[in-house]
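# Secondary and tertiary structure notes
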Amino acid sequence: MDEENIRIRVKDNGYGMTEEEVSDLNDKIEQPIRHSREYFGLKNLNQRLKLFYGPYYGLHIERNDSGGITVTIKIRKMTVEEYVESHVPLMGGEANPLV
């Protein structure tokens, strides 16, 4: 965490992936969701984070030293007040549930 961002890292020590597979996966989760179910969950989460926090946020996947992979989730640090000021309610002007 720093003054503007929060990073959540999830590591595993499993089989892992090659550098090429990791690079390919990072490219795929940046592409728009189509009718394919391939990586749908990762793409969906990545796109929702970008929509909510902005284009510099989302998921990043990399190999780790133990042989597995590390998924980093980067989000913007904000207060409830900052959230309310920057987001229009999605449902016809209803009150924001976070207030």
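Residues numbered from 1 in each chain as written. Predicted model: local features only at pLDDT ≥ 70, side-chain atom pairs only at ≥ 80, totals over all residues. Heavy atoms only, no water.

### Quick look at helix α1 (residues 19-30)
We count it as follows: Under the scheme used here, helices are H or I runs from DSSP no shorter than 4 residues and strands are E runs no shorter than 2 residues, and both carry numbers assigned from the N terminus. Residue count minus one, scaled by 1.5 Å, sets the expected span of a helix. Each residue gets one of three labels from its accessible area relative to the maximum for its type: buried under 20%, exposed over 50%, partly exposed in between, using a 1.4 Å probe on protein chains only. This arc is built from the directions going out from the helix axis to the C-beta atoms. Working rule for contacts: check all heavy atoms of both residues, and any pair within 4.5 Å makes them a contact.
Over its twelve residues, α1 runs 17 Å from end to end, which matches the ideal 16 Å to within 8%, given 1.5 Å per residue. For α1, the set of buried residues is Val-22, Leu-25, Asn-26, Lys-28 and Ile-29. One face of α1 carries all of its buried residues, which in axial projection span an arc of 165°. Opposite the buried face of α1, by more than 90 degrees, sit the exposed residues Glu-19 and Glu-20. In this fold, the buried residues of α1 make contact with α2 (40-53) and β2 (58-63).

### Looking at the pattern of salt bridges
What counts is decided by this rule: Definition used for salt bridges: Asp or Glu carboxyl oxygen within 4 Å of a side-chain nitrogen of Lys or Arg.
The full count for this structure, using the stated rule, is four salt bridges. The shortest N-O distance in the salt bridge between Glu-19 and Arg-63 comes to 3.8 Å. Residue Glu-19 is located in helix α1, and its partner Arg-63 is located in strand β2; the two are separated by 44 residues in the primary sequence. Put simply, Glu-30 and Lys-50 hold a salt bridge, and the shortest N to O gap is 3.7 Å. Here Glu-30 is found in helix α1, whereas its partner Lys-50 is found in helix α2, with 20 residues between them in sequence.

### A short note on the nonpolar core
Definition in use: Buried Ala, Val, Leu, Ile, Met, Phe, Trp, Tyr and Cys residues that are joined via side-chain atoms within 4.5 Å together make up what is termed a nonpolar core.
Within the largest apolar cluster, twelve residues are counted, these being Val-22, Leu-25, Ile-29, Leu-49, Tyr-53, Tyr-57, Leu-59, Ile-61, Ile-69, Val-71, Ile-73 and Ile-75. For this core, the secondary-structure elements that each account for two or more residues are α1, α2, β2 and β3 (69-76). Filtering out sequence-adjacent residues up to four positions away, Tyr-53 remains in contact with Ile-75, Arg-76 and Met-78.

### Examining the packing of α1 against α2
When two helices pack together, you describe them by how their axes are tilted relative to each other and by the distance separating the axes. What counts here: With axes taken as lines fitted to C-alpha atoms, and helix axes fitted only over the stretch in contact, angles between N-to-C directions fall between 0 and 180 degrees. Working definition: roughly parallel below 35 degrees, roughly antiparallel above 145 degrees, roughly perpendicular at 65 to 115 degrees, and oblique for all remaining angles. The handedness criterion is simple: a crossing whose near helix is rotated anticlockwise from the far helix by less than a right angle is left-handed, and one whose near helix is rotated clockwise is right-handed.
Direction vectors running N to C along α1 and α2 enclose 60°, while the axes themselves pass 8 Å from each other. In terms of axis orientation, α1 runs oblique to α2. Handedness of the crossing formed by α1 with α2: right-handed. Contact residues: α1 offers Leu-25, Lys-28, Ile-29 and Glu-30, while α2 offers Leu-42, Lys-43, Asn-46 and Lys-50.

### Let's talk about the sheet that holds β2
The strands making up a sheet associate through backbone hydrogen bonding, with each pair oriented either parallel or antiparallel. Definition in use: Pairing between two strands requires that DSSP report at least two bridges joining them.
Here three strands make up an open sheet; going across it, the order is β1-β3-β2 and the pairing antiparallel. Every interior strand has two partners, whereas the edge strands, β1 (5-11) and β2, have only one. On average, each strand axis in the sheet is inclined to that of its neighbour by 20°, with strand direction left out of account. As defined by bridge partners, β2 adjoins β3 across six bridges and the pair is classed as antiparallel. Note on β3: the bridge partner recorded for His-60 is Thr-72. Across the sheet, α2 is in contact with β2 and β3; its angle to β2 comes to roughly 130°.

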